[in-house]
Amino acid sequence: MLTQTTTRVLDPSDLDAALAVLDREPVANAFVTSRVQVAGLDPWRLGGEMWGWYEDGMLESLCYAGANLVPICATPRAVRGFADRARRAGRRCSSIVGPAEPTAQLWRLLEPNWGPAREVRAQQPLMVTDRLPGDIAPDPYVRRVRKDEMETIMPACVAMFTEEVGVSPLAGDGGLLYQARVAELVGSGRSFARLDEHGKVVFKAEIGAATTRACQIQGVWIAPEYRGRGLAAPGMAAVLRYALADVAPLVSLYVNDFNTPARAAYRRVGFEEVGAFMSVLF
């Protein structure tokens, strides 16, 4: 018997089915799940379309198509379906990001049409922890960024993004979207920093995605002149304490495999590698 398969754009009536798929891998899917829980599946509110892959009438896999293209619980057959749809739509995203295996397959299928990429990061360890480290005291100077401190935190956020992604977030729209995103994190109490005596950011990180089951730390940055002084592990321990107490029982992050100091600091704080992400940057 032939399996009936199809892809289609999901609408608000598909919300429960989509959340059930997202819930299969709460850590890997935290970013998309957090968006869907807030915005639902209306493309305008979500900031992109949610594509569904159906086998015999059952929703099996998803793909978020917004500023990023993100395969979710995607089987090889689903990835082929998503690649066909993405090819027909043309590239509107600035990156493809997701679990390494389906993302690599998706890129192999799209590269002939969408390539070359500006950069491919094939292995980005996904790390997770559910507890505070026993032997590293949280940095007492790391605290929530206040709403009146946007001008203090913004230059650090821009520096981190530019260093990490290779382009400034201020390009294009003058940084309006990026500034709104930073303000959203500050406003929801998910932006953390340590300032020096002159009010300059020394260390910062955000809880970028948050669901009831898992959250994801992102944007970890130390001012260049403060690097190598052992601030990363205590700083991360402080953010981790806030995350576990206020946000979710599982805390994750993903990191570039070539960033040896960061991986070592995260391991010291108790993060363990549970998988890998992959990012294709345009």
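Treat the numbers as computed from the prediction; the structure is a model and nothing was measured. (Residues numbered from 1 in each chain as written. Predicted model: local features only at pLDDT ≥ 70, side-chain atom pairs only at ≥ 80, totals over all residues. Heavy atoms only, no water.)

Caption draft 1: Highlighting helix α4 (residues 76-89). For α4, spanning 14 residues, the distance from its first C-alpha to its last is 20 Å, which sits close to the expected 20 Å at 1.5 Å a residue. Within the span of α4, buried status applies to A78, V79, G81, F82, A83, R85 and A86. Tucked into the core, α4 has its buried residues touching β1 (5-9), β2 (49-55), β3 (58-65), β4 (68-72) and α5 (100-114). Directly after α4, the chain includes G90, whose backbone phi takes a positive value near 85 degrees. (Helix = DSSP H or I, 4+ residues; strand = E, 2+ residues; numbered from the N terminus. Expected span 1.5 Å × (residues − 1). Buried < 20%, exposed > 50% of the residue type's maximum accessible area, 1.4 Å probe, protein only. Contact = heavy atoms within 4.5 Å.)

Caption draft 2: Expanded view of the pairing of β2. Most of β2 sits out of view: six of its seven residues are buried. Note: β1 against β2, five bridges, orientation antiparallel. Paired with T6 across the bridge in β2 is Y54. Sheet analysis places β2 next to β3, joined by seven bridges and oriented antiparallel. Following the sheet pairing, W51 is matched in β3 by C63. Where β2 folds back onto β3 in an antiparallel hairpin, the turn is made up of two residues, including D56, whose phi is positive at roughly 50 degrees. (Pairing = 2+ DSSP bridges.)

Caption draft 3: View of unusual backbone geometry. In this structure, the amide linkage connecting G115 to the following residue, P116, adopts the cis form with an omega of -5 degrees. Among the secondary structure elements, P116 is positioned in the loop between α5 and β6 (119-129). Look at D56: it is not a glycine, yet its phi comes out positive at around 50 degrees. Note that D56 resides in the loop between β2 and β3. Classification of D56 by relative accessible area gives partly exposed; the value is 44%.

Caption draft 4: Quick look at the UniProt feature "domain: N-acetyltransferase" (unreviewed entry) in the protein. Taken from the UniProt record, the annotation "domain: N-acetyltransferase" (unreviewed entry) applies to residues 140-282. Taken end to end, residues 140-282 comprises 36% helix and 27% strand; its first and last C-alpha atoms sit 39 Å apart. (UniProt positions renumbered as here; feature names shortened; annotations may be inferred.)

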